[in-house]
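So you can see what is in the structure, the chains are spelled out below.
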Amino acid sequence: MSAQKKADQGNLLRSFTPYVEKEGEEYMNDKQVDHFTNILKQWKQELMEEVDRTVNHMQDEAANFPDPADRASQEEEFSLELRTRDRERKLIRKIDKTLTRIEEEDYGFCDSCGVEIGVRRLEARPTATLCIDCKTLAEIKEKQLGQ
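Residue numbers run consecutively from 1 along every chain, following the written order of its sequence. Reporting in this predicted model follows two pLDDT cut-offs: at least 70 for local features of residues, and 80 or more for side-chain atom pairs to be given and counted; totals over whole chains, interfaces and linings ignore these cut-offs and use all residues. Derived side-chain values reflect all non-hydrogen atoms in the structure, with water molecules and hydrogen atoms excluded from consideration.

Visitor: Looking at this structure, how should I read the packing of aromatic side chains?
Guide: Pairs were defined over the aromatic rings of Phe, Tyr and Trp, the Trp ring being its six-membered one, requiring ring centres within 6.5 Å. Orientation was assigned from the angle between planes: stacked under 30 degrees, edge-to-face over 60, tilted for the rest. Summed over all chains, the structure comprises 2 aromatic pairs. Summarising the aromatic geometry, the rings of Tyr27 and Phe109 are spaced 5.3 Å apart at their centres and angled 85 degrees between planes, so their arrangement reads as edge-to-face. Highlighted residues: Tyr27 in the loop between α1 (3-10) and α2 (30-61) and Phe109 in the loop between α3 (68-103) and α4 (119-124), separated in sequence by 82 residues. For each residue, the accessible area found with a 1.4 Å probe, counting protein chains only, is set against the maximum for its type, and the residue is called buried under 20%, exposed over 50%, and partly exposed in between. Exposure remark for Tyr27: the relative accessible area of 12% places this residue in the buried category. Strands here are runs of E lasting at least two residues and helices are runs of H or I lasting at least four, both read from the DSSP assignment and numbered beginning at the N terminus.

Visitor: How do you make sense of the side chain of Thr54 when you look at a structure like this?
Guide: Within the fold, Thr54 resides in helix α2. Between N or O atoms, a polar contact is any pair within 3.5 Å; within protein, one atom must be a potential hydrogen donor and the other a potential acceptor, and residues adjacent in sequence are included only when both atoms are from side chains. Among the polar contacts made by the side chain of Thr54, one reaches the side chain of Arg85 at a distance of 2.4 Å.

Visitor: I keep staring at a positive patch on the surface and nothing clicks. Help me out?
Guide: Residues enter patches when their relative accessible area tops 30% and they take part in no salt bridge; the joining distance is 9 Å for like charges and 5 Å for the nonpolar side chains Val, Leu, Ile, Met, Phe, Trp and Tyr. The protein chains shown are the only cover counted for residues, whose accessible areas, like all others here, come from Shrake-Rupley with a 1.4 Å probe. Any Lys or Arg side-chain nitrogen located within 4 Å of an Asp or Glu carboxyl oxygen qualifies as a salt bridge. The charge count treats Lys and Arg as positive and Asp and Glu as negative. His and the chain ends do not count. Throughout, a charge is located at the NZ atom of Lys, the CZ atom of Arg, the CG atom of Asp or the CD atom of Glu. A grouping of Arg93, Lys94, Lys97, Arg125 and Lys135 is seen on the molecular surface, where their side chains present a positively charged patch. Sort the elements by how many residues they give to the positive patch and α3 lands first, with 3 residues. Tracing the sequence through the fold places Lys135 in helix α5 (residues 132-146). On the basis of relative accessible area, Lys135 is assigned to the partly exposed category, the value being 34%.

Visitor: Would you mind going over the nonpolar core with me for this structure?
Guide: Residue types Ala, Val, Leu, Ile, Met, Phe, Trp, Tyr and Cys, when buried and joined through side-chain atoms within 4.5 Å, form a set referred to as a nonpolar core. One finds Phe36, Ile95 and Leu122 to be the most contacted residues of the largest nonpolar core, which totals 22 residues. When residues of this core are traced back to their parent elements, those giving at least two are α2, α3 and α4.

Visitor: Please explain unusual backbone geometry as it appears in this structure.
Guide: Glycine aside, residues mostly have negative phi angles, and peptide bonds mostly take the trans form. For Met28, which is not a glycine, the phi torsion comes out positive at approximately 60 degrees. Structurally, the position occupied by Met28 is in the loop between α1 and α2. Positive phi outside glycine occurs at Glu105, with the angle close to 55 degrees. Within the secondary structure, Glu105 is located in the loop between α3 and α4.

Visitor: Mind showing me how you'd approach the packing of α2 against α3 here?
Guide: To describe two helices that pack against each other, one gives the angle between their axes and the distance between the axes. As a rule, the C-alpha atoms of each element are fitted with a line to give its axis, helices using only the stretch in contact, and angles between N-to-C directions run from 0 to 180 degrees. Contact pair α2 / α3: the axes reach a minimum separation of 10 Å and the direction vectors enclose 155 degrees. Here α2 lies roughly antiparallel to α3, going by the angle between them. Helix-helix and strand crossings are classified by hand; for α2 and α3 the assignment is left-handed. Partitioned by chemical class, the residues of the contact of α2 with α3 number 15 nonpolar, 5 polar and 9 charged. Angles are sorted into four bins: roughly parallel if under 35 degrees, roughly antiparallel if over 145, roughly perpendicular if 65 to 115, and oblique for all others. Crossings are assigned a handedness: left-handed for a near helix turned anticlockwise from the far helix by less than a right angle, right-handed for a clockwise turn. Three classes are used, and their members are as follows: Ala, Val, Leu, Ile, Met, Phe, Trp, Tyr, Cys and Pro are nonpolar, Asp, Glu, Lys and Arg are charged, and the others, Gly among them, are polar.

Visitor: So what exactly am I meant to see when it comes to the pattern of salt bridges here?
Guide: Side chains carrying opposite charge are able to pair once their charged atoms draw close together. Counted by the stated rule, this structure contains 9 salt bridges. A salt bridge links Lys44 to Asp96; the shortest N-O distance between them is 2.7 Å. Taken together, the residues Lys44 in helix α2 and Asp96 in helix α3 connect sequence positions 52 residues apart. Judged by relative accessible area, which is 28%, Asp96 ranks as partly exposed. Across the pair Glu123 and Arg120 runs a salt bridge whose closest N-O atoms are separated by 2.6 Å. Of this pair, Glu123 and Arg120 both sit in helix α4, 3 residues apart, which is roughly one turn of the helix. Accessibility expressed as a relative area gives 9% for Glu123, which makes it buried. The partly exposed category is assigned to Arg120, whose relative accessible area is 43%.

If you want it as structure tokens, here you go:
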């Protein structure tokens, strides 16, 4: 993958303005919901555009190299790109589920304990479904079961 593509991927979802909370403001009010809806839709759009770029790149760059090493290098590059796109495809599904949660007015609250996840955590991870405490506990349990 080219250095430019890596830089472009690093720029996904970096162009939003952080939400400024006002004192006494209700959590997940209309402004906050709009803020996160816009972030998620923009993120999804950027991912979809990246998928299109990959398809075009693979079509443009596909060549039948006579040298087996060149052919293997190209196949490895395409394989890496396809794995990345597969992860992004799964992320798009997660974004769609999150947008559904917003429509159902269930967004921003921990699936495990029901407390507010928090605006800053959601800006860092807009698809988060657990508060930081429950996520930390889940990761500790996962490590214990994995060892």
